[in-house]
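A closer look at the structure
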Amino acid sequence: MADPQGFMKVVKKDAPKRPVTERIGDWREVYAPQPAAERAREVAEQATRCMDCGVPFCHSGSAGCPLGNLIPDWNDLVRRDRWGAASERLHATNNFPEFTGRVCPAPCEAACVLSIAENDTGGSVTIKRIEQAIADAAWEGGTVVPQHPAISTGKKVAVVGSGPGGLAAAQQLTRAGHDVTVFERDDRLGGLLRYGIPAFKMDKSILERRLTQMRAEGTHFVTDCEVGVDLTVEQLRAQFDAVVLAVGALRARDNTTVEGRELKGIHLAMDHLVLSNRECEGDGASPITARGKHVVIIGGGDTGADCLGTAHRQGAASVTQLDYNPELPTERDDERSPWPSWPMVLRTSPAHAEGGVRRYEVAVQRFLGDEHGNVRSMVLAEVKVSRDAEGRRHVRPVGEEVELPCDMALFAIGFEGVEYSRLLDDYGLSLTRRGVLSCGPDWQTTAPGVFVCGDAHRGASLVVWAIAEGRSAARGVDMYLSGHSDLPAPVHPTALPLAVV
């Protein structure tokens, strides 16, 4: 059995990172490669910190992992050097642990019992590191192989969108015996995993090897095809028995009212990230580059951090990241976000350790340009954020204005929901007030035989939630087509992470 005092004997140790001076010079992953034996030894030691709690909140769908990953199980298997069994247990609940082990912010660690009093326990178990190590060891050992369906149902399913939600739904349905085709409007597969997540967070070879496995299992892929335009809804209905909409929530939030927004050099964050990723894929130099420029990133979230790391690698002269919210504490406030809810604490990504300045409680008031229509600076003001009786946010200037040099500005202020498209119109689907698609308890929309999952249903969220919804929607489709299903459904469409409101 697990050692209930393991966390007292072993110090928490995260995966080693490459030196900043080295990693900002290339696009390789920030974590340092380790010899397999050294990695196995270190990770097995970290796994001994897991006490195999009687009530493991780490894989609770409301507080920890929505996939229901059996975390104490594979921690114990790693501790006992049973890496093959650990991989089987991990893949039983997660189609793509090599993705989540790299880019998921790890709500499981926030819900770990050792997070109740981190100063006393030494912090949570390094679940994310252990998960990635299990997945990488399985790939390196050749044990991740195609899982061919035992039967063929003769039913055809179209999945629209090849992000993590769409890929999870497609893999589950293919393995259930359905004939699945994934349609992607971009020239390459992966959605935000391909063009949103920078290569220094997840090398695209990680994505490619999983796509190779899915092709070998029988999943078909079609790129450069916008469903609703290149393939009409009438054609879709004629060719497929069911459809899964996994189109994401890519309608980026902008601030077109700020004076000077029309100046050249001001972009949406995703435009910057997509073009940068395309450059890494070999499509030529990005026309939106931070090289030699004073860059200002408006928004303090993960997308802003991705822009920060990208700007460093492009050779920015300086980078400033703005957030109109107050700076968060470095430790959990039990009154504001008690365990096991997601803690409201200051999060520092590897990109923040690479340089740049973070400024809080400030907001742009206007942009100033030069005689050629290029942005040259922005005017900031200290602000206070408040909410009215209906919960709407108000940002109010309270301090003196300050001018900040700015040759390039990036809006990384979130997403408003699903993009408007002919596909939705032709299916007669309307968006909710949150800008997403609603569904019934079986994940089916108001259009018969049309299902939804991932960000298109939930709104911009975590990769682990997208995979969980893709797996759950696959069960709904399987039930619709076959009348029964053995596929798992880790989350309900109404499921929400535990939070203090």
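These numbers were taken from a predicted model, which means no experiment stands behind them.

Secondary-structure assignment places V364 in strand β10 (residues 362-369). Along the sequence, V364 and D186 sit 178 residues apart, while their C-alpha atoms lie 33 Å from each other. Beyond its immediate chain neighbours, meaning those up to four positions away, V364 contacts V258, I298, M378, V379 and L380.

Annotation from UniProt places "domain: FAD/NAD(P)-binding" (unreviewed entry) at residues 155-470. Secondary structure within residues 155-470 divides into 25% helix and 26% strand; the distance between the first and last C-alpha atoms comes to 18 Å.

As a further point, take the sheet that holds strand β7 (residues 294-298). As summarised here, the arrangement of the five strands in space is β6-β13-β7-β8-β9, forming an open sheet in which the pairing is parallel. Each edge of the open sheet carries a strand with a single partner, namely β6 (266-268) and β9 (357-360). Each strand of the sheet is rotated relative to its neighbour by a mean of 20 degrees, with strand direction disregarded. Note: strand β8 (residues 318-323) against β9, four bridges, orientation parallel. Within β9, the position partnered with Q321 by the bridge is R358.

Membership of the largest hydrophobic core comes to 42 residues, with the highest contact counts inside it found for V157, M202, V244 and V477. Residue assignment for this core shows that the elements contributing at least two residues are α6 (97-103), β1 (156-160), α10 (164-175), β2 (179-183), α12 (204-217), β4 (242-245) and α18 (463-482). A total of nine residues in this core trace back to one element, the largest contributor, which is α18. Setting aside its immediate chain neighbours within four residues, V157 contacts L173, H178, D179, V180, T181, F240, A242, V244, V477 and L481. Residues C50, L77, C112 and I127 belong to the second largest nonpolar core, which totals 22 residues.

Those residues of helix α5 (residues 83-91) not exposed but buried are W83, A86, S87, L90 and H91. The buried side chains of α5 occupy one side of the element, clustering within an arc of 125 degrees when seen end-on.

A few words now on helix α15 (residues 302-314). Its 13 residues place the ends of α15 18 Å apart at the C-alpha level, agreeing with the 18 Å of an ideal helix rising 1.5 Å per residue. Counting buried residues in α15 gives 11 out of 13 residues, a clear majority hidden from the surface. Residues G304, A305, D306, C307, L308, G309, T310, A311, H312, R313 and Q314 constitute the buried set of α15. Of the surrounding elements, those touching the buried residues of α15 are α2 (20-23), α14 (269-280), β7, β8 and β13 (408-411). Among the residues trailing α15, G315 stands out with phi positive, at a value near 85 degrees.

This next bit is on the UniProt feature "domain: Dihydroprymidine dehydrogenase" (unreviewed entry) in the chain. Residues annotated in UniProt with the feature "domain: Dihydroprymidine dehydrogenase" (unreviewed entry) correspond here to residues 39-140. Within the segment residues 39-140, helix and strand shares are 56% and 0% respectively, and the terminal C-alpha atoms sit 13 Å apart.

Of note, A92 is situated in the loop between α5 and α6. For A92, a relative accessible area of 47% puts it in the partly exposed group.

Now for the packing of α10 against α18. Where α10 contacts α18, the two axes come as close as 7 Å, and the packing angle between them is 35 degrees. Judged by the twist between their axes, the crossing of α10 over α18 is right-handed. Across from P164, G165, A168, A169, Q172 and L173 in α10, the residues of α18 making contact are V463, A466, I467, G470, R471, A474, V477 and D478. In terms of residue class, the contact of α10 with α18 is made up of nine nonpolar, three polar and two charged.

The next thing to look at is unusual backbone geometry. Negative phi characterises most residues that are not glycine, and trans characterises most peptide bonds. The omega angle of the peptide bond from W339 to P340 is 5 degrees, so this bond is cis rather than trans. If you trace the backbone, P340 turns up in the loop between β8 and β9. Positioned with a positive phi, A106 is a non-glycine residue whose angle comes to about 65 degrees.

A few words now on the pairing of β7. The element β7 is largely enclosed, with a buried count of four among its five residues. In this sheet, β8 lies alongside β7 in parallel orientation, the contact comprising five bridges. Residue I297 lies in a different strand from β8, and its bridge partner there is Q321. Read as a crossover between parallel neighbours, the route from β7 over α15 to β8 is right-handed.

Here we take up the sheet that holds strand β11 (residues 375-387). Pairing in this open sheet of three strands is antiparallel, and the strands run β10-β11-β12 from one edge to the other. On the outer flanks of this sheet lie β10 and β12 (393-405), each paired with one strand and no other. Direction aside, neighbouring strands of the sheet carry axes that sit 25 degrees apart on average. Where β10 and β11 come together, seven bridges link them in antiparallel fashion. Within β11, the position partnered with V364 by the bridge is L380.

So, on to the packing of aromatic side chains. Considering all chains together, one arrives at six aromatic pairs under this definition. Plain terms: the ring middles of F451 and Y480 are 5.6 Å apart, the flat faces sit at 70 degrees to each other, and that makes the pair edge-to-face. With F451 in strand β15 (residues 450-452) and Y480 in helix α18, this residue pair connects regions lying 29 residues apart in the sequence. A cation over an aromatic ring shows up here: R458 above the ring of W465, its NZ or CZ 3.8 Å from the ring centre.

To continue, consider the state of the cysteines. By the definition in use, this model includes zero disulfides. Of all cysteine sulfurs, the one in C307 lies closest to C280, which takes part in no disulfide; the gap is 13 Å. Looking at C439, it has no disulfide partner, and the nearest cysteine sulfur is the one in C453, 9.4 Å off.

Summed over the entire model, instances satisfying the criterion amount to 35 salt bridges. K384 is the partner of E361 in a salt bridge, and the nearest nitrogen-oxygen pair spans 2.9 Å. With a gap of 23 residues between them, E361 in the loop between β9 and β10 and K384 in strand β11 connect regions that are remote in the sequence. Judged by its relative accessible area of 24%, E361 falls in the partly exposed class. Take K384: its relative accessible area is 42%, and that puts it in the partly exposed class. Two residues, E469 and R458, come together in a salt bridge whose shortest N-O distance is 2.9 Å.

Calculation notes
- Residues numbered from 1 in each chain as written.
- Predicted model: local features only at pLDDT ≥ 70, side-chain atom pairs only at ≥ 80, totals over all residues.
- Heavy atoms only, no water.
- Helix = DSSP H or I, 4+ residues; strand = E, 2+ residues; numbered from the N terminus.
- Contact = heavy atoms within 4.5 Å.
- UniProt positions renumbered as here; feature names shortened; annotations may be inferred.
- Pairing = 2+ DSSP bridges.
- Axes fitted to C-alpha atoms, helices over the stretch in contact; angles between N-to-C directions.
- Core = buried A, V, L, I, M, F, W, Y, C linked by side-chain atoms within 4.5 Å.
- Buried < 20%, exposed > 50% of the residue type's maximum accessible area, 1.4 Å probe, protein only.
- Arc of directions from axis to C-beta.
- Expected span 1.5 Å × (residues − 1).
- Left-handed = near helix turned anticlockwise from the far one by under 90°.
- Nonpolar A, V, L, I, M, F, W, Y, C, P; charged D, E, K, R; others polar.
- Right-handed = clockwise from strand over helix to strand, strands pointing away.
- Phe/Tyr/Trp six-rings, centres within 6.5 Å; stacked < 30°, edge-to-face > 60°.
- Lys NZ or Arg CZ within 6 Å of the ring centre and 35° of its normal.
- Disulfide = S-S within 2.5 Å.
- Salt bridge = Lys/Arg side-chain N within 4 Å of Asp/Glu carboxyl O.

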